[in-house]
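# Structural overview for review
The chain contents come next:
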Amino acid sequence: MLSSGKKDILIGFIVSVLLSLFVNFTLLMRTYERLMGSHGQTFLVSHFEGFYLYFSLAWFFLFAFILFVITVQGYKLGDSLFRKNEFNATLFVIAANAIVAFALIQVYPLALHTLSEDILQIEKPAFPFERPDLSRIRPDAPPDAPMHFFWPIDLRPFPRPLVTEHLFVLITVILTVMLIRLIGSRQQIALEFEKLKTEKWQTSYNALMGQINPHFFFNSLNGLNSLIRSGEQEQTLTYLDELSSVFRYILQSNKKELVTLAEELQFVKAYTYLLSVRYEGRLFFSIQANTSYLLWYLPILSVLPLIENAVKHNVISKQYPLQVDIYTTGDNRLVVSNAIQPKTEDNSEGGIGLKNLWGRYRMLTGKDISISSHKGYFNVSLPLLNKPIKQ
């Protein structure tokens, strides 16, 4: 992954190359036509024309790259000076680029003249424009050869096409950086939004666990009290063992995020045993998991809110016993299903536990749970992961 500074340099390089090719497209095509010939005639390209082509490509590349760097750094300085006021920072960047671009345009004729004298040994033309000594450029040139053939541009300061090309590059660079900043800002907003959603779901989950622990502890003590009063010592000891397993697993939930299906089902068996004692002869559980899925992963305590939801919102009695089925499917899912036996008066707010589970599942696995009601059964399908996701 490239750092921010390296990304800026890479983007600036690419933009500068594209702008240089675009601005010099006409010059490139004209040179190509001269080399390839027109109407069956092949024209030679003078030394100066070849030199000017490379000079123009290099110049506009450097011009665009310098402006790109100044624009990026100018925005950083502008954000610091104006406390991230986008309008003031943009004005600051435009002013800085205008000054630098004006200075570089001033340097352009001097750089071209100096390099042409040093490399090609061509005398700098006087102003107004005079014909150079063609014999020093091409000895075989005819006396009446058109001057623009050898000097493709007007070297007087600030010729209109030259200023237009520089202005085009200046505007394009500024707009490109502004577009990059806009896209970056949208991505940052999206990341912050996802972070807030994650924090929201984590807070909801913590609040849910804060409600489950005392509620479950109270009910468990009631069940234990009933067993002690009945004098069933063996069942009481078994109940205490399963209760300790449940509490140990719940306490681990603060440290773990994903667990294997085998670990989760071991907890579920202990938890459903406690509920079976509490609802003796009225609540039944069936757990069937394919052994090939036992080492697959899911968020810790994913099944608990589904069982709590079934117990909370359905009638459980001798006349209407409740069956909860927990099983795996061939499409890598764990399903928790129960018959729909709604209570006559159920004023409790529903859906909070499922909403929190959906958010936590989404946060930890990137996958969604599936909720459906079909033929009198309420089904919740939990995707399983064949390996844990790195957080």
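In the block above lies the structure referred to throughout.
Quick caveat, the model's predicted, so the values are computed rather than measured. (Residues numbered from 1 in each chain as written. Predicted model: local features only at pLDDT ≥ 70, side-chain atom pairs only at ≥ 80, totals over all residues. Heavy atoms only, no water.)

With that out of the way, let us pick up the nonpolar core. Core analysis: the largest hydrophobic core is formed by 45 residues, its most contacted members being F267, L283, I307, I326 and L382. Tallying contributions element by element places helix α8 (residues 261–278) first for this core, with 9 residues. With near-sequence residues (within four places) excluded, F267 lies in contact with V246, Y249, I250, L301 and L304. Listed in part, the 30 residues of the second largest apolar core include F60, V169, L170 and I174. (Core = buried A, V, L, I, M, F, W, Y, C linked by side-chain atoms within 4.5 Å. Buried < 20%, exposed > 50% of the residue type's maximum accessible area, 1.4 Å probe, protein only. Helix = DSSP H or I, 4+ residues; strand = E, 2+ residues; numbered from the N terminus. Contact = heavy atoms within 4.5 Å.)

On to the sheet that holds strand β2 (residues 283–288). Spatially, the 5 strands line up as an open sheet ordered β2-β4-β5-β7-β6, and their pairing is mixed. The sheet terminates laterally at β2 and β6 (370–374), the two strands that pair on one side only. Between one strand axis and the next, the sheet turns through 15 degrees on average, direction left out of account. In this structure, strand β5 (residues 333–339) lies alongside strand β7 (residues 377–383), joined through 7 bridges in antiparallel fashion. Residue pairing across strands places V335 opposite S381, the latter belonging to β7. Each of β6 and β7 is contacted by helix α10 (residues 352–365), which is oriented at about 20 degrees to β7, the strand it contacts most. (Pairing = 2+ DSSP bridges. Axes fitted to C-alpha atoms, helices over the stretch in contact; angles between N-to-C directions.)

A few words on the pattern of salt bridges. The final tally for this structure, using the stated rule, is 4 salt bridges. One salt bridge in this structure joins E86 and R181, with 2.7 Å as the shortest N-O distance. Taken together, the positions of E86 in helix α4 (residues 86–120) and R181 in helix α6 (residues 160–230) put the pair 95 residues apart, joining distant regions of the chain. In this structure R181 comes out as partly exposed when scored by relative accessible area, which is 23%. Linked through salt bridges whose partners overlap, the residues forming this network are D79, E86 and R181. (Salt bridge = Lys/Arg side-chain N within 4 Å of Asp/Glu carboxyl O.)

What follows concerns the environment of G353. Counting through the fold element by element, G353 comes out in helix α10. Measuring from C-alpha to C-alpha, the distance between G353 and E308 comes to 8.7 Å, with 45 residues separating the pair along the chain.

Now for the packing of helix α7 (residues 233–252) against α8. Two elements in contact, α7 and α8, have axes whose closest approach is 9 Å; the angle formed by their N-to-C orientations is 135 degrees. Regarding the angle of α7 to α8, the classification is oblique. The two elements α7 and α8 cross, and the hand of that crossing is left-handed. In this structure, α7 uses Q235, T238, Y239, E242, L243, S245, V246, Y249 and I250 to contact α8, whose residues at the interface are E263, E264, F267, A270, Y271, Y273, L274 and V277. In terms of residue class, the contact of α7 with α8 is built from 11 nonpolar, 3 polar and 3 charged. (Parallel < 35°, antiparallel > 145°, perpendicular 65-115°, else oblique. Left-handed = near helix turned anticlockwise from the far one by under 90°. Nonpolar A, V, L, I, M, F, W, Y, C, P; charged D, E, K, R; others polar.)

The topology assignment puts F60 in helix α3 (residues 47–81). Since its relative accessible area comes to 1%, F60 is described here as buried. The spatial distance from the C-alpha of F60 to the C-alpha of E165 is 9.0 Å, given a sequence separation of 105 residues. Beyond its immediate chain neighbours, meaning those up to four positions away, F60 contacts S20, V23, N24, L162, E165, H166 and V169.

It is worth spelling out α10 at this point. Here α10 contains 14 residues, and its C-alpha end-to-end distance of 20 Å stays within 8% of the 20 Å for a straight helix at 1.5 Å per residue. For α10, the complete set of buried residues consists of L354, N356, L357, G359, R360, Y361, L364 and T365. Following α10 by one or two positions, G366 adopts a phi angle in the positive range, close to 75 degrees. (Expected span 1.5 Å × (residues − 1).)

The next point concerns the packing of aromatic side chains. Each aromatic ring pair is described using two quantities: the centre-to-centre distance and the angle formed by the ring planes. Scanning all chains against the criterion turns up 10 aromatic pairs. Ring plane angle 75 degrees and centroid distance 5.2 Å describe the contact between W59 and Y108, whose orientation is recorded as edge-to-face. In this pair, W59 sits in helix α3 while Y108 sits in helix α4, placing the two residues 49 residues apart along the sequence. An aromatic cluster is defined as three or more aromatic residues linked by ring pairs; in this entry it consists of F13, F61 and F65. (Phe/Tyr/Trp six-rings, centres within 6.5 Å; stacked < 30°, edge-to-face > 60°.)

Attention now goes to the pairing of β7. The buried fraction of β7 amounts to 6 of the 7 residues, a majority that puts the element mostly inside the structure. Looking at chain direction, β6 and β7 are connected through 5 bridges and run antiparallel. Looking across to β7, one finds that I371 is bridged to V380. Here β6 hands over to β7 after 2 residues, with K375 in that stretch at a positive phi of 55 degrees.

Read these as geometric descriptors, not functional statements.
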